[in-house]
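Structure assessment
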Amino acid sequence: MRISRGLGLAVAAGLLATVAACGGGSSSGGGGDKVELTLLSHYSDGPSKEGLDKMIQEWNKDNPKIQVKAQVVKFDDLLTTMTVRQTGGRGADIVSAYGLWGGQLMKANVVAKVPDDIAKKIKAEYSPAALGAVTTSDTLLGYPTELNTYVLFYNKKILAAAGITKPPTTWAELADAAKKTVKRDAKGNIQVEGLSLIQDGDNKSVHPFLSLLNSAGGKFLGPDGSPQFDNDQGKAALKFEADLAAAKATNPSISPTKQFRSGGVAMAIQAGWWIGSLKTQMKDKYGTDVGVAAIPGPTPGSKGSLAYGFFMGVNERSKHAAEAWKFLTWMNEHKASSGNVTETGKWLADQGLIPPRTADQEEYKKSLADPNMAPIYEAATYAMAEPNQPGAYEAKTALHNAIMGVLTNGASPDDALAQAAKAVKPQ
């Protein structure tokens, strides 16, 4: 799922503070022994909505005394909707949320602690990247759902025309390829960008940088929310980006999701969800032009990625928590009609997403029809999980501002990281 920065941090922070101080409520039973649960998510259209609706309908048919009702909003409105409804005593029993918000939601008592028996099973059955993306301060927030990793997308024809026969495997090779593939007009304007270091989602510069930081063995934040990027690994990663900007092989004004498909970008660090979009946009050219590889690191054999995820958890103030966990357990554990994967795993894989359950991942990896999916799945085994403790969103914004200052204004990488680190306030 593509993520975007669609809400103001100040508004969200204020709402969350209000939530923490207010009593909340969830849907009440429909009379007698019947219970109605509400599930709030961003699955508002297409196969994501259709798949979730199908599972809810199946559950409702077999469980007349525990009925689930879906409530949907656009992703940009999801966090605000959760907090506003919670404050007004109308919070959904089950919430689907972006992992980055987890610390804020936990601090504000919007998401409940996962029962020990369920948490034990989740920790044993889900991939490390999926767990890391939905765990805050050793507290699991719910069932991991969507999982995305970052990889290197490249245009095979553009690289071949520059004499490059295989994707880069080190930073040096990546920089060389970016400089060889960039094309400019007579006025110096970029016609083909060598390497895109932004992505059209949440804090567009941070995810590619964190993927490079991971490839160098670095970290974003410590367990307590303290900055970990202002060190040799972070400086090396940002200097790598700064050198490409100075050589005009990368330009943050170019949108990869708009210009890659038309041959305006040779390479881009982007999330795996992009596969589905490119197939739709490029049609037959997808198969001939698009390649995917691991994001290389500074030394041969090193590689990196960032994993971000979503989760489904139970509202801290739900009056029917036991029933809500019963539904979520069924939703995430029952098998699809094929019997080899879970229904939720199939639902996610059908959308081009990585199923977070390890067994589902392994099953799909056996029969990937698209070879470009293999690096995306493989990245889940080594990717840095996006931190999600309280303050992580603000830290991400500070890092974004630092990176853009370097790429756009030529600021010193060392100074920019130091300034960003000072702006990070562990909570």
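Here the structure is a predicted model, which means the values were calculated and not measured. Sequence order as written defines residue numbering, which begins from 1 separately in each chain. Residues qualify for local features only when their pLDDT is at least 70, as the model is predicted, and side-chain atom pairs are given and counted only at 80 or more; totals for whole chains, interfaces and linings, by contrast, use all residues. Heavy atoms from the whole structure form the basis of all side-chain values; hydrogens and water molecules are not counted.

1. Remarks on helix α16 (residues 358-365)
Each residue's exposure class comes from its accessible area (1.4 Å probe, protein chains only) as a fraction of the maximum for that residue type: buried when under 20%, exposed when over 50%, partly exposed otherwise. Note on conventions: DSSP H or I runs of at least 4 residues are helices, E runs of at least 2 residues are strands, and numbering of each starts at the N terminus. Looking only at α16, the buried set comprises Asp360, Gln361 and Tyr364. Projected down its long axis, α16 carries its buried residues within an arc of 100°, all on one side. Those residues of α16 that are buried are in contact with β6 (143-155), α15 (343-349) and α17 (373-379). This arc is taken over the directions from the axis of the helix to the C-beta atoms. We call two residues in contact when some of their heavy atoms are within 4.5 Å.

2. Re the side chain of Thr170
Within the secondary structure, Thr170 sits in the loop between α7 (156-161) and α8 (171-181). Under the relative-accessibility criterion, Thr170 is labelled buried at 10%. The residues touching Thr170, leaving out its near neighbours within four places in the chain, are Pro296, Gly297, Pro298, Thr299 and Pro300.

3. Let's talk about the packing of aromatic side chains
Whether two aromatic rings pair depends on their centres lying within 6.5 Å, for rings of Phe, Tyr and Trp, where Trp uses its six-membered ring; planes under 30 degrees apart make the pair stacked, over 60 edge-to-face, and the rest tilted. Under the defined criterion, the tally for this structure stands at 16 aromatic pairs. Plain terms: the ring middles of Tyr126 and Tyr143 are 6.3 Å apart, the flat faces sit at 65° to each other, and that makes the pair edge-to-face. Of the two residues, Tyr126 sits in the loop between α5 (116-125) and α6 (128-133) while Tyr143 sits in strand β6, which places them 17 residues apart along the sequence. Across this residue pair, the class does not change: Tyr126 and Tyr143 are buried. Connected via pairs of aromatic rings, a cluster forms that spans Phe75, Tyr98, Trp101, Tyr150, Tyr308 and Phe310.

4. Some words on the layout of surface pockets
There is about 420 Å³ of room inside the second largest pocket. Together, 20 residues line the second largest pocket, and Leu221, Gly222, Pro223, Ala385 and Pro387 are the ones closest to its centre. Of all elements in the fold, only α6, β4 (135-136) and β14 (384-385) reach the threshold of two or more residues within the lining of the second largest pocket. Of the residues contributing to the lining of the second largest pocket, the split by class is 9 nonpolar, 8 polar and 3 charged. We place a 1 Å grid over just the protein atoms. Points where a 1.4 Å probe fits but has no way out form a cavity, open points with protein on both sides within 12 Å along at least 5 of 7 lines form a pocket, and any residue with an atom within 4 Å of a point lines it. Grid points are joined across faces, edges and corners, and a volume is the space filled by probe spheres set on the points. Residue polarity follows a fixed list, in which Ala, Val, Leu, Ile, Met, Phe, Trp, Tyr, Cys and Pro are nonpolar, Asp, Glu, Lys and Arg are charged, and the others, Gly among them, are polar.

5. Quick word on the confidence of the model for the protein
Every residue gets a pLDDT, meaning the predictor's confidence in that residue, from 0 to 100. Residues of the protein with pLDDT of at least 70 account for 93%, and the chain-wide mean is 90. Across residues 5-31, confidence stays below pLDDT 50; counting only partners more than four residues off in sequence or on other chains, it has 62 contacts.

6. Focus on helix α12 (residues 274-282)
For α12, the set of buried residues is Trp274, Ile275, Leu278 and Met282. An end-on view of α12 places all buried positions within 100° of arc, on one side of the element. Packing partners of the buried residues in α12 comprise β6, α11 (256-259), β9 (265-271), α13 (284-289), β10 (290-293) and α17. Once α12 finishes, Lys283 follows within two positions and takes phi at roughly 50°, a positive value.

7. A look at empty space enclosed by the protein
Gaps between atoms show up when a probe of the same size as a water molecule is rolled over them. A complete count under the given rule lists 3 cavities of 30 Å³ or more for this structure. Its boundaries defined by the atoms lining it, the second largest cavity holds a volume of some 40 Å³. Its residues placed into classes, the lining of the second largest cavity shows 4 nonpolar, 4 polar and 2 charged.

8. Describing the packing of α8 against helix α10 (residues 232-246)
The angle between two axes is taken between their N-to-C directions and runs from 0 to 180 degrees, where each axis is a line fitted to C-alpha atoms and a helix contributes only its stretch in contact. Running from N to C, α8 and α10 cross one another at 15°; their axes reach a closest spacing of 10 Å. Comparing their axes, α10 and α8 come out roughly parallel. Handedness of the crossing formed by α8 with α10: right-handed. Residues Trp171, Leu174, Ala175, Ala178 and Lys179 of α8 lie in contact with α10, whose contacting residues are Ala236, Ala237, Phe240 and Leu244. Should an angle fall under 35 degrees it is called roughly parallel, over 145 degrees roughly antiparallel, and 65 to 115 degrees roughly perpendicular, with every other angle called oblique. Less than a right angle of anticlockwise turn of the near helix away from the far helix marks a crossing as left-handed, whereas a clockwise turn marks it as right-handed.

9. Section: the environment of Met282
Looking at the secondary structure, you find Met282 in helix α12. Put simply, Met282 and Thr329 are 47 residues apart on the chain and 38 Å apart in space, counted from C-alpha to C-alpha. Not counting the four nearest positions on each side in its chain, Met282 is found in contact with Arg261, Asp289 and Val290.

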